[in-house]
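Coordinates in review
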Amino acid sequence: FSGRTHEQKERGCRVSLPGRGRLDARLFGEAAGRVILTVSPGRQAEAESLLKAAGLPFERIGTVGGSNLAIEGALDVAVADLAEPFFTSIEKIMS
């Protein structure tokens, strides 16, 4: 398919969402903002040290790698299957 403006990298991840309550609320809720940070395995201790020193709460929720986007209890889909709709949905709506 066409319309890609950057290098394609089909990199998946495996995530387990912490907390209680409904999964949709944990995925899409409008509670306090959060940031997802990816860190090379060899620099994890350094990143944790910096976050602790800054007084920022953090939690490890998963790993990057593989060819699927897997969110425990929600989905497990090949990144390749998600790419086509992501890159072509506006084009399809407009034509």
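Quick note: structure is the one above.
Residues numbered from 1 in each chain as written. Predicted model: local features only at pLDDT ≥ 70, side-chain atom pairs only at ≥ 80, totals over all residues. Heavy atoms only, no water.

The next point concerns the packing of aromatic side chains. The description of an aromatic ring pair uses the distance of the two centres, along with the angle that the planes make with each other. Counted under the stated rule, the structure contains one aromatic pair. On the numbers, 5.0 Å between centres and 90° between planes, the contact of Phe86 with Phe87 is edge-to-face. Judged by its relative accessible area of 62%, Phe86 falls in the exposed class. The exposure class of Phe87 is buried, given its relative accessible area of 19%. (Phe/Tyr/Trp six-rings, centres within 6.5 Å; stacked < 30°, edge-to-face > 60°. Buried < 20%, exposed > 50% of the residue type's maximum accessible area, 1.4 Å probe, protein only.)

Relative to strand β4 (residues 75–78), strand β3 (residues 68–71) is paired through four bridges, and the arrangement is antiparallel. Opposite Leu69, over in β4, you have Val77 as the bridge partner. Following β3, the chain reverses through three residues before pairing antiparallel with β4; Gly73 in that reversal takes a positive phi of roughly 80°. (Pairing = 2+ DSSP bridges. Helix = DSSP H or I, 4+ residues; strand = E, 2+ residues; numbered from the N terminus.)

Spatial ordering of the open sheet is given by β2-β1-β3-β4, a layout of four strands whose pairing is mixed. Looking at strand neighbours, the two that pair on one side only are β2 (62–64) and β4, the edges of this open sheet. This sheet shows a mean twist of 5° between the axes of neighbouring strands, independent of strand direction. Inspection of the sheet shows strand β1 (residues 13–15) paired to β2 by three bridges, in the antiparallel sense. If you follow Val15 over to β2, its bridge partner there is Gly62. Together, β3 and β4 form the strand contacts of helix α3 (residues 79–94), whose direction differs from that of β4 by roughly 75°. (Axes fitted to C-alpha atoms, helices over the stretch in contact; angles between N-to-C directions. Contact = heavy atoms within 4.5 Å.)

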